[in-house]
Amino acid sequence: DGDSYRSPWSNEYQPPIDDGFKPSSKLRVLEEKCNHVFDAYRNLYYEGGVSSAYLWDQEEEASFAGCFLIKKEVIEPQRRVNQG
């Protein structure tokens, strides 16, 4: 639903909805691990921001898809090279 989002950390929709998509329990375990790994990656390489990894089951048996998102605000003075 366009008015809600599923938290990659709690697996709950905000604001709550009744029929929101959720991954299978086995895939949810993998999604939680992905979120921890990509959170460390984001912190090391982007030095801040927010990251989310989402996985979902595909119709074909034993297959899934996923995405990894990073959001970081850029402060203009930090984008310029001062030396070198």
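Before going into details, it helps to say that this report is about the structure given with it. (Residues numbered from 1 in each chain as written. Predicted model: local features only at pLDDT ≥ 70, side-chain atom pairs only at ≥ 80, totals over all residues. Heavy atoms only, no water.)

Here's the deal with the environment of Leu27
Selection criterion: In this text, helices come from DSSP runs of H or I with a minimum length of four residues, and strands from runs of E with a minimum of two, each type numbered from the N-terminal end. Should any heavy atoms of two residues lie within 4.5 Å, those residues are counted as being in contact.
Note that Leu27 resides in helix 1 (residues 25-46). Sequence separation between Leu27 and Tyr54 is 27 residues; the distance between their C-alpha atoms is 9.8 Å. When residues no more than four places from it in sequence are discounted, the contact partners of Leu27 are Leu55, Trp56, Asp57 and Phe64.

Remarks on the pattern of salt bridges
Which entries qualify depends on this criterion: Here a salt bridge means any side-chain nitrogen of Lys or Arg lying within 4 Å of a carboxyl oxygen belonging to Asp or Glu. When accessible area is computed with a 1.4 Å probe and restricted to protein chains, residues below 20% of their type maximum are described as buried, those above 50% as exposed, and intermediate ones as partly exposed.
One pass over the structure, following the stated rule, counts five salt bridges. Residue Glu31 is joined to Arg6 by a salt bridge in which the shortest nitrogen-to-oxygen separation is 2.9 Å. Linking Glu31 in helix 1 with Arg6 in strand 1 (residues 5-6), this pair joins segments that are 25 residues apart in sequence. Each member of the pair, Glu31 as well as Arg6, is classed as buried. The salt bridge involving Arg28 is made with Glu32; its shortest N-O contact spans 3.6 Å. Of the two residues, Arg28 and Glu32 are both situated in helix 1; the distance of four residues between them amounts to about one turn of the helix. Judged by relative accessible area, which is 8%, Arg28 ranks as buried. A single network of salt bridges, built from pairs that share partners, joins Arg6, Arg28, Glu31 and Glu32.

Observations regarding the environment of Cys34
Turning to its location among the elements, Cys34 is positioned in helix 1. The class for Cys34 is buried, based on a relative accessible area of 19%. Residues Cys34 and Gly66, spaced 32 residues apart in sequence, show a C-alpha to C-alpha distance of 9.9 Å. With residues up to four places along the chain from it excluded, the contact list for Cys34 reads Ala53 and Leu55.

Focus on the packing of aromatic side chains
Worth spelling out the cut-off: The pairing test for Phe, Tyr and Trp rings, Trp by its six-membered ring, is centres within 6.5 Å, and the orientation test on the planes gives stacked under 30 degrees, edge-to-face over 60, and tilted for anything in between.
On inspection of all chains with the given rule, the structure shows four aromatic pairs. Measuring from ring centre to ring centre gives 4.9 Å for Tyr41 and Tyr45, while their planes differ by 40°; the resulting arrangement is tilted. Of this pair, Tyr41 and Tyr45 both sit in helix 1, four residues apart, roughly one helical turn. On the accessibility criterion, Tyr41 (36% relative accessible area) is partly exposed.

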